[in-house]
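Listed here are the chains, written in short residue letters.
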Amino acid sequence: MNIAEYTIKNRVISWMLLLLLFVGGSSAFFKLGRLEDPAFTIKEAMVVTSYPGATATEVEEELTYPLEQAIRLLPYVDKITSTSSPGLSQIMVSMKMTYDENELPQIWDELRRKVNDLAPTMPAGAHPPSVIDDFGDVFGLLYLVTGPSYQFDDLKQYVDLLRRELELIDGVGKIDISGAQQEQVFIELSLTRLAALNLDLNTVVNLLTQQNAVLDAGKMTINGESLYLRPTALGSSIDPIIHGRDTGQLVRLSDVSTLHRGFQEIPSHLLRYNGQPALSLGIAFADGVNVVEVGQRVDERLAELAETRPVGIEMKPLYHQSQEVENSVDGFVISLVEAVAIVIVILLFAMGWRSGLIIGIILLLTMLGTFIAMDYAEIELQRISLGALIIALGMLVDNAIVVVEGILVGLKRGKSKLEACKEIVSQTQWPLLGATVIAITAFAPIGLSPDATGEFMASLFYVLLFSLFLSWVTALTLTPFLAEMMLPLPKQEQGSEDLYQGKLYQIFRSFLQWALAHRALTTVMLVAILVGAVAGFGKVKQAFFPPSNTPMFYLDVWLPEGTDIRETEALVKQLETEVLKQSETEFVASTIGQGLPRFTLTYAPEQSYASYAQMAIRAADQEQMFALAKRLDSELPKQFPQPMFQLKLMEFGPSPKSKVEARISGADPKVLRELALEVEDIFRQDANARGIRHNWRERTKELVPVIDESQARRLGISTEAVAQTLKMAYGGTTVGLYRDGTRMLPIVTRLEQPYRDDYDSLDNLKIYSPSLQHYVPLQQVVRDIQLISTDSLIQRKDRKRTITVLADHNVLGDETAADLFNRLRPQVEALPLPAGYELEWGGEYEASGDAQEMLFGSLPMGYLFMFIITVLLFNSVRKPVVIWLTVPLSLIGVTIGLLLTNQPFSFTALLGLLSLSGMVLKNGIVLMDQINVEMDSGKNPYQAVMDSAISRVRPVSMAAMTTILGLVPLMFDAFFASMAVTIMFGLGFATILTLVIVPVFYASFYKIKPPKSAA
């Protein structure tokens, strides 16, 4: 009793299986989590160490270099990049792709131990290093809070209230607040009044340092009761009494200074929304939740809290992942329904309504069963998994089509339903399994690739694995069960020749006879067409990942290095005014000093640069977005010539900072800059190169006070005292904390405003002389102030000084980054490099190369496994070789399709090309198996080849047609368009050619000659 007979005779079990798939799959579909894009692990951590007062070179040599050496000892490290700037070392550590999210926490712990072990050997004045490993946090709900009439502390209090309330919502993970400005207490000292009272500045600073400290004075026991002693006479006052040096007069701090509360004078990060200062509230989702449901709960809670919102404060979403996910998933579900409908309609017309209905039911049950497997494997409904379902649609009916077609043929030959079902299942179960495994294996490199791109695309493989294997199971079990119930007994038609007498069959028979009679000519023509396709493929545009269909883009603004962040903010205000004038603008959100909080996995926030700003601009739809982007790209550089603008589109997959990156490594910063300028000149000669710059940025100016050491020693003034005086005069020195409830406000001591704003005030600065016991002009100690230029940024990669020249293509044009790179590469590589200097390419070229390297790393084993399966299926080598020779034929259709539709050959198209091999092999296996059946029946070899090819025309063509037309909805999706075109055209051409070429090659390999009448 084979499986078909078992399911037909045991109807209760078959109905139970059918109902389990239907009910369980329907339930699983509504339980599945929802995401916009699949999660992938960001395997990077940053080691940050501050070294106040050190130059970039001192930071590099004394901090960055030893830290890099220690970190490199970890066996998990893939690459290390670092940025050394004045007073700060930032080291980005990337781990090897082979480590997954479960192993990373342990790796980060080892990294912390390795870094902390180095702390005792660090130079005096350097702060302990900190390891930041939460780069993967994605704040999918990102709101901006504004209030034109409110101060930052008012906005912060309101946002803190929201955070406390929203953290209680089930499904909410981490909540982050950005853009808040540090409130401080300023003590602005008057040197004139200090000198009049002959007060030592250090005495005042020491008093302030001790002020408002929490002190333990012990406790007393009085009448058996224990009472704590709290010396809090000063309370929270910051106006202590100061003892005069000579007169003994007691004066208050306010007698020699001005006290007030305010905000940090030079902020490190600013946010704006539609021209107003803002704070951001970012909400990250917990793992494994339904993003749409959690987003709805957050929206409901925010609506409830709206009553407590102060008048004038507004809260606007910059990115609402729940709504984006809902729109994305709904759109894909509609595409899925459309694809299912297309496939079923094709089947109804091509195979009759009963056969079409059977296959349609099997398709639906297979998909519902796939939802059960996805729920068990914790695969969410997102762009990749839903796309995989659409890709699988056509292939899911392949097995069922072969079985139903075989049953129909058996019935027409006079067999009973049970006999027809048993015969076709016995005949095809192992070839169909082999073909299914091969189709699955063709997608295996996607699931086995350990890099970020492979992790991003992994659900594509697993969904196809579940669905295709399940399609084989349902084809052998439920398909015969339904066929036995629903198919009528047709009028008996003996002889296979009577079954294939239609006009199309006659045309195909004539063409196949000609091809078999002219095998050499057919082969030569085929090779010529294939060579032409390979040559034509060179004309196809190349890309990595396509831009997103979210109608939002970024405008990066770079001012010269060394620009004060307040100047950057002033420019951004002007740019915002221009952007908000445009009718297409829905909103503009600006971040100054660094990137936005990561609100999608593919967004890469920029590091801290005071001269950097980014504007996120959103339009109503993509058409308006491109119109707005083109206008701004054209007009803003004319109105604002000083900054450099870089326009970026949102992208689906992992993306580098710039599409074209030329890295030059060497020892001498001067030589590196000279080489970078030569590369920049080459880039600028290309009219389509945009955003050209290098990552060492411009050299910055420094003021260097030259201290007269002999005079300083006579006056008892140290270099440290000079530095403290200058810092206090122009920047301010933190001398303690002012406790205001739960808030700790830094107390900053500085000189009065007139001294801070005027360079000439250096001539009027005074410094206390311990030797003379009174103030003397700073000029007595500082004999000169020199202006020098210096490197404010030193970039390193893998412990080598490395300067990177960056450029982008015109993202609003038809050209891809690969086109620009291919033009620039030979010119740059022709530059002579001094000994000890190296050139390597980064950007999209490196990212795409790494992804392909990981992908192709598992490809040989996958293809070997596929070939072994074909050998096992046919117990032959020649037959598998015949089938495999048809695989390259798909390139003919791929080239034609991509050129006709002007689609780029992207990474997704590459995956489609690899998966085509499985589809083409599957068709070849079905055809070759039929040849074996016909040969085993005792037919003449030539007639067996002819009959098998003709008998497989309908199932093979129907399988290809359902796959091709089922992919039509994906042609209109930005992410899957190139993959859909690749599969549709490649499979279409390969199917037509396979039905002819497999018989031709088979006849050639086995030396089968047509009879003279056929010839």
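Just so it is clear, the structure is predicted and the values come from calculations on it, not from any experiment. (Residues numbered from 1 in each chain as written. Predicted model: local features only at pLDDT ≥ 70, side-chain atom pairs only at ≥ 80, totals over all residues. Heavy atoms only, no water.)

Trainee: Which residues make up the overall build of the chain, and what values do they have?
Mentor: Helix and strand counts for the chain stand at 33 helices and 30 strands. Each of the three principal axes of the chain carries a C-alpha extent, and together these read 130 × 80 × 55 Å. Residue burial in the chain is summarised as follows: out of 1015 residues, 55% are buried. Restricting the contact set of the chain to residue pairs at least 6 apart, pairs at least 24 apart contribute 81%. Approximately 43300 Å² of the chain is accessible, and the part contributed by carbon and sulfur atoms is 56%. A gap of 7 Å separates the mean positions of the 84 positive and 111 negative side-chain charges of the chain. (Helix = DSSP H or I, 4+ residues; strand = E, 2+ residues; numbered from the N terminus. Buried < 20%, exposed > 50% of the residue type's maximum accessible area, 1.4 Å probe, protein only. Contact = heavy atoms within 4.5 Å. Areas by Shrake-Rupley, 256 points an atom, 1.4 Å probe, with all protein chains shown as cover. Lys, Arg positive; Asp, Glu negative; His and termini not counted. Charge placed at Lys NZ, Arg CZ, Asp CG, Glu CD.)

Trainee: Describe helix α3 (residues 56-72), listing the residues and the values that go with them.
Mentor: Note that an α-helix has 3.6 residues per turn; residues three or four places apart therefore point the same way. The sharpest bend along α3 comes to roughly 35°, located at T64, with the proline P66 sitting one to four residues further on. Every buried residue of α3 is accounted for by A56, V59, E60, L63, T64, L67, E68, A70 and I71. Contact partners of the buried residues in α3: β1 (44-50), β2 (77-85), β3 (88-95), α4 (104-117), β28 (794-797) and β29 (800-808). (Bend = angle between axes of the 7 residues up to and from the residue.)

Trainee: Please give an account of helix α25 (residues 817-829) that cites residues and values.
Mentor: The end-to-end C-alpha distance of α25 is 18 Å, a good match for the 18 Å that 13 residues give at a rise of 1.5 Å each. The sharpest bend along α25 measures roughly 25° and falls at R823, with the proline P826 sitting one to four residues further on. If you check which residues of α25 are buried, you get A817, A818, L820, F821, L824 and V828. Check the buried side of α25 and you find it contacts β20 (660-665), α21 (669-684), β29, β30 (838-841) and α26 (843-857). (Expected span 1.5 Å × (residues − 1).)

Trainee: Now, about the pattern of salt bridges: what can you tell me, with residues and values included?
Mentor: Enumeration according to the criterion identifies 50 salt bridges in this entry. With a closest N to O distance of 3.1 Å, D798 and R72 form a salt bridge. You can see D798 sitting in the loop between β28 and β29 and its partner R72 sitting in helix α3, a full 726 residues away along the chain. Residue R72 is classed as partly exposed on the basis of its relative accessible area of 24%. (Salt bridge = Lys/Arg side-chain N within 4 Å of Asp/Glu carboxyl O.)

Trainee: Could you give an account of the domain arrangement of the chain, with specific residues and numbers?
Mentor: Assigned domains of the chain: these are domain 1 (43-135), domain 2 (191-214 + 240-255 + 700-790) and domain 3 (501-539 + 876-1014). Taking only C-alpha atoms, the centre of domain 2 and the centre of domain 3 are 85 Å apart. (Domains from an automatic or database assignment.)

Trainee: I'd love a proper account of the nonpolar core, names of residues and values included.
Mentor: Counting 178 residues, the largest nonpolar core has V298, I391, M457 and L460 as its most contacted members. With 14 residues, the top contributor of residues to this core is helix α33 (residues 977-1005). Residue contacts for L460: discarding those within four places in its chain leaves I384, A388, I391, I446, L911 and M979. In terms of nonpolar packing, the next biggest core, distinct from the first, is built from 31 residues, L199, V256, V735 and V782 among them. (Core = buried A, V, L, I, M, F, W, Y, C linked by side-chain atoms within 4.5 Å.)

Trainee: Which residues make up the sheet that holds strand β12 (residues 257-263), and what values go with them?
Mentor: Strand order across the open sheet formed by four strands is β12-β7-β24-β23, with mixed pairing between neighbours. Both edges of this open sheet fall to β12 and β23 (733-740), since each of them pairs with a single strand only. Across the sheet, the axes of successive neighbouring strands diverge by a mean angle of 30°, strand direction being ignored. Bridge count between strand β7 (residues 183-189) and strand β24 (residues 743-751): five bridges; the pairing is parallel. (Pairing = 2+ DSSP bridges. Axes fitted to C-alpha atoms, helices over the stretch in contact; angles between N-to-C directions.)

Trainee: Residues and numbers for the packing of helix α9 (residues 321-351) against helix α32 (residues 953-966), please.
Mentor: As a packed pair, α9 and α32 sit with axes 8 Å apart at the nearest point and diverge in direction by 155°. By the angle between their directions, the pair α9 and α32 is classed as roughly antiparallel. In the crossing of α9 with α32, the sense of the turn from one axis to the other is right-handed. The residues of α32 that touch α9, namely those facing A339, I342, V343, I346, L347, A350 and M351, are R954, M958, M961, T962, L965 and G966. For the contact of α9 with α32, the per-class residue count stands at 10 nonpolar, two polar and one charged. (Parallel < 35°, antiparallel > 145°, perpendicular 65-115°, else oblique. Left-handed = near helix turned anticlockwise from the far one by under 90°. Nonpolar A, V, L, I, M, F, W, Y, C, P; charged D, E, K, R; others polar.)

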